[in-house]
Amino acid sequence: MHNAFKHSFYSSNRIYRAFLTIQSKPLLTSPVPTQENITHLILEQKSATEALQTFKWASKLRNFTHNQSTYKALIHKLCNFRRFDCVHELLDEMPSSIGSTPDEDIFVTIVRGLGRAGMIKQVVKVPELLSKFEKKPTLKLYNSILDVLVKVDIDIAREFYRKKMMGSGIQGDAYTYGILMKGLCLTNRICDGFKLLQVMKNRGITPNTVIYNTLIHALCKNGKVGRARSLMRELVEPSDVTFNILISAYCREGSLVQALVMLEKSFSKGYIPDVITVTKVVELLCNHGRASEAVDVLERGGVVDVVAYNTLINGFCRLGKVKVGCRLLKEMELKGCLPNADTYNGLISGLCDSKMLDLALDMFNEMKRVGINWNLVTYDTLIHGLCLGGRVEDGLKIMDLMEDDKGASTFHISPYNGVIYGFYKENRLKEALAFLRKMENLFPRAVDRSVRILGLCENGSIDEARRVYDQMVGEGVMPSALVYANLVSGYCSKGCVREAFELMNEMIGRGYLPVASTLNALIILLCKQGKVGKASKLMEDIIGRGCLLDSGSYSPFIDAFCSNGDFHKAFVFFLQMVEKGIIPDYYSWDTLLMCLCQQKSWIEGNNKIYHLTSQLQAIIQT
């Protein structure tokens, strides 16, 4: 025996006290320990040494003999602490110690212990260990080895099954195939999983519910819920686990109708889904709102093609319900209706409009992953969305992909105008102009017209600039945001409100929202001309479109109202500015305070003036 068995048992009293301590437990019925008592006591030890000491202590007890159970308990503890040298010594001593060779449960224990230790080469050699005791490996032992191997490498497990098991004449049972199916599904080898299913049927082995559930779960995990549902029909009696898997999968895909149908089937079978599954269905119903009506219409529409789905997806995206659109993409895949580039382009547009730029990039990458080629609309939509969202650098990266993509024509100016718009939106005007000049090789006419317009606006020749603009549009060339911004500012500097308004509307119609500096020029002009109401409506409209204002947007209103002695209206605009987190500039403060000081009709005790001055003081302190 190992040296640990030769140690003096200094802890014999401690072990005996531990034995007496558990006397009150129902397991023990007499002061003399049984093999079951010792098995329990060995398993309770905190180290391999203590387990060995307990085993040896029991060996010295009068009228006590170890059996397979106590040896198994000790071997289990030794495997946990990787004392495999001791394990082999115990196996060798068992025939003489208890008069019998180790049973299959002990070898199964060793297999699992070696597996936990990551000693895979030793695991596959365990069947050879049995030959020392003139035993043949059992199916149970082979299955335990397979169970360890599939968690490490399915290829090693399959080779072991073919060479060792089948080579020994053991075909395996449903549990064997269940282990292999688990390994295949864990590595997403779904096609091999279906082949294994067919092998079972050919050999007359009926796949059980666990095997089907394993394959169904793998299909759902890979987004093949429709295929999983078809496979479910082969089950004579699906289990509650089957329904939980499919309902959860449909919820993840946003397929409300399928989830509800599967839920109803679950209830009709007498199964109640677990709380996690039920929560997913509830969440899906809440998120859809009235959108379920649209899904219902689609369901009743008979055979639905990709155009119908694209129309519905675009409709949801226009309503800002882009997540519903994404779920419809999954639903059409489940029904065998393959999406095309228009499907993804619509979703990318919706995601960009909803400021979900990372998800838009994910959708862009998914197109490539599923084998759908990017086209000009894809690039243009994403570049525009990224630049609009303040991510010009990301937009430039997509543009690099576009220029490297021979399948997408680069002779369209729209994506390039998107980058210019991004620079303009971030007030990086020098970079916008530099980028415009870089476009000259690709779009010489557009760049020439644009540069001329910018130069003419700078020199105050707004009429000539407009003539070049009209020529540009007449040639079918789309002007950039930089061109529109300069034209609007140019007309404002000349006091031409109507022309400035018209160009700003055209600018917005092209998808270019004006930045504060462009908008402010028109607001200043309107306020100077006494058209404060029109300026206010313009501001309200532009805020509703998502434009960001600055202190220069509010200053003209404060100045106009203060000039007319209407401190209260001026103060209302001042408060609106502060509430939006915009810090008032010196001019706004000075104008407002000067106006306040001139309010001679308001005496010091007036509650109204006291309230206003209190608010001003609070703002100052903030």
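Note that the structure is predicted; figures quoted are calculated from it, not measured. (Residues numbered from 1 in each chain as written. Predicted model: local features only at pLDDT ≥ 70, side-chain atom pairs only at ≥ 80, totals over all residues. Heavy atoms only, no water.)

A. Here's a closer look at the overall build of the protein. When you go through the protein residue by residue, the secondary structure sums to 36 helices and zero strands. The contacts in the protein between residues at least 6 apart in sequence include a share of 59% that link residues at least 24 apart. For the protein, the computed accessible surface area is about 31,300 Å², with 53% contributed by carbon and sulfur atoms. (Helix = DSSP H or I, 4+ residues; strand = E, 2+ residues; numbered from the N terminus. Contact = heavy atoms within 4.5 Å. Areas by Shrake-Rupley, 256 points an atom, 1.4 Å probe, with all protein chains shown as cover.)

B. Inspection of the packing of helix H26 (residues 429–438) against helix H27 (residues 444–458) at higher detail. Across the interface, H26 lies against H27 with an axial gap of 9 Å and an inter-helix angle of 145°. As for the relative orientation of H26 and H27, their crossing is left-handed in sense. Seen from H26, the contacting residues are Leu 433, Leu 436 and Arg 437; seen from H27, they are Val 447, Ser 450, Val 451 and Leu 454. Of the residues belonging to the contact of H26 with H27, the class tally is five nonpolar, one polar and one charged. (Axes fitted to C-alpha atoms, helices over the stretch in contact; angles between N-to-C directions. Left-handed = near helix turned anticlockwise from the far one by under 90°. Nonpolar A, V, L, I, M, F, W, Y, C, P; charged D, E, K, R; others polar.)

C. Spotlight on the packing of helix H21 (residues 341–353) against helix H23 (residues 376–388). Close contact between H21 and H23 brings their axes to 9 Å; oriented N to C, the two are set at 5°. Comparing their axes, H23 and H21 come out roughly parallel. In this structure, H21 uses Asn 345, Ile 348, Ser 349 and Cys 352 to contact H23, whose residues at the interface are Val 377, Thr 378, Thr 381, Leu 382 and Gly 385. For the contact of H21 with H23, a count of residues per class yields four nonpolar, five polar and no charged. (Parallel < 35°, antiparallel > 145°, perpendicular 65-115°, else oblique.)

D. Just the pattern of salt bridges, in detail. Here the structure, examined in full by the defined rule, presents 21 salt bridges. For Asp 155, the salt bridge identified is with Arg 189, shortest N-O distance 2.7 Å. In this pair, Asp 155 sits in helix H10 (residues 154–165) while Arg 189 sits in the loop between helix H11 (174–186) and helix H12 (190–202), placing the two residues 34 residues apart along the sequence. Overall, Arg 189 belongs to the partly exposed group, its relative accessible area being 27%. Between Lys 330 and Glu 366 there is a salt bridge, and its shortest N-O distance comes to 3.5 Å. A residue pair is termed long-range when its members are at least 10 positions apart, and Lys 330 in helix H20 (residues 322–334) and Glu 366 in helix H22 (residues 357–369) qualify at 36 residues. The network of salt bridges with common partners includes Glu 393, Glu 426, Arg 428 and Glu 431. (Salt bridge = Lys/Arg side-chain N within 4 Å of Asp/Glu carboxyl O. Buried < 20%, exposed > 50% of the residue type's maximum accessible area, 1.4 Å probe, protein only.)

E. Local environment of the environment of Phe 435. Here Phe 435 shows up in helix H26. Residues Phe 435 and Asn 417, 18 residues apart in the sequence, show an inter-C-alpha distance of 9.6 Å. Dropping the residues within four chain positions of it, Phe 435 is found in contact with Leu 396, Met 399, Tyr 416, Val 419, Ile 420 and Phe 423.

F. Geometry of unusual backbone geometry. Positive phi, close to 65°, is recorded for Lys 355, a residue that is not glycine. By the secondary structure assignment, Lys 355 is in the loop between H21 and H22. Relative accessible area serves as the criterion here: at 54%, Lys 355 is assigned to the exposed category. A positive phi is found at Asn 427, a non-glycine position, where the angle reads about 60°. The topology assignment puts Asn 427 in the loop between helix H25 (414–425) and H26.

G. Region of interest: the nonpolar core. Ranked by size, the top nonpolar core spans 108 residues in total, and within it Leu 382, Met 439, Ile 453, Leu 487 and Phe 557 carry the most contacts. Ranked by residue count, the leading element in this core is helix H29 (residues 481–493), at nine residues. Apart from residues lying up to four places away in sequence, Phe 557 is in contact with Ile 523, Cys 527, Val 532, Ala 535, Ser 536, Met 539 and Phe 573. Ranked by size, the runner-up nonpolar core spans 83 residues in total, among them Ile 120, Leu 130, Ile 216 and Ala 259. (Core = buried A, V, L, I, M, F, W, Y, C linked by side-chain atoms within 4.5 Å.)

H. The side chain of Ser 266, seen in detail. Its place among the elements puts Ser 266 in helix H16 (residues 256–268). Setting aside its immediate chain neighbours within four residues, Ser 266 contacts Phe 243, Ile 247, Tyr 271, Ile 272 and Pro 273.

I. How the structure looks around the state of the cysteines. Taken as a whole and judged by the stated rule, the model has zero disulfides. Free of any disulfide, Cys 326 has its nearest neighbouring cysteine sulfur in Cys 317, separated by 6.8 Å. (Disulfide = S-S within 2.5 Å.)

J. Representation of helix H34 (residues 567–579) within the structure. Compared with an ideal rise of 1.5 Å per residue, which puts 13 residues at 18 Å, H34 spans 18 Å between its outermost C-alpha atoms and is within 8% of the ideal. The complete set of buried residues in H34 reads Phe 567, Ala 570, Phe 571, Phe 573, Phe 574 and Met 577. Along the axis of H34, the buried residues cluster in a sector spanning 160°; they form a single face. Backbone geometry just after H34 places Gly 581 at a positive phi near 80°. (Expected span 1.5 Å × (residues − 1). Arc of directions from axis to C-beta.)

K. Just the packing of aromatic side chains, in detail. Applying the stated criterion to the full structure yields 15 aromatic pairs. Note on Trp 374 and Tyr 379: the rings are 6.0 Å apart at their centroids and 70° apart in plane angle, and the pair reads as edge-to-face. Taken together, the ring pairs connect Tyr 421, Tyr 424, Tyr 469, Tyr 484 and Tyr 512 into an aromatic cluster. Geometry around Phe 194 places Arg 227 over its ring, the cationic atom sitting 4.3 Å from the centre. The side chain of Lys 368 reaches across the aromatic face of Trp 374, ending 4.9 Å from its centre. (Phe/Tyr/Trp six-rings, centres within 6.5 Å; stacked < 30°, edge-to-face > 60°. Lys NZ or Arg CZ within 6 Å of the ring centre and 35° of its normal.)

L. Region of the structure containing the side chain of Asn 244. By the element assignment, Asn 244 lies in helix H15 (residues 240–253). For Asn 244, a relative accessible area of 13% translates into the label buried. Beyond its immediate chain neighbours, meaning those up to four positions away, Asn 244 contacts Pro 273, Asp 274 and Thr 277.

M. Spatial organisation of the environment of Gly 371. Mapped onto the secondary structure, Gly 371 falls in the loop between H22 and H23. Taking relative accessible area as the criterion, Gly 371 reaches 61% and is therefore assigned exposed. Each C-alpha atom of the pair Gly 371 and Asn 340 lies 9.7 Å from the other, and the pair is 31 residues apart in sequence.

N. Summary view of the confidence of the model for the protein. Summary statistics for the protein give a mean pLDDT of 82 and a share of 85% for residues scoring 70 or more. Taken as a whole, residues 22–29 scores under 50 in pLDDT and shows 14 contacts with residues more than four places along the chain or in a different chain. (pLDDT = per-residue confidence, 0-100.)

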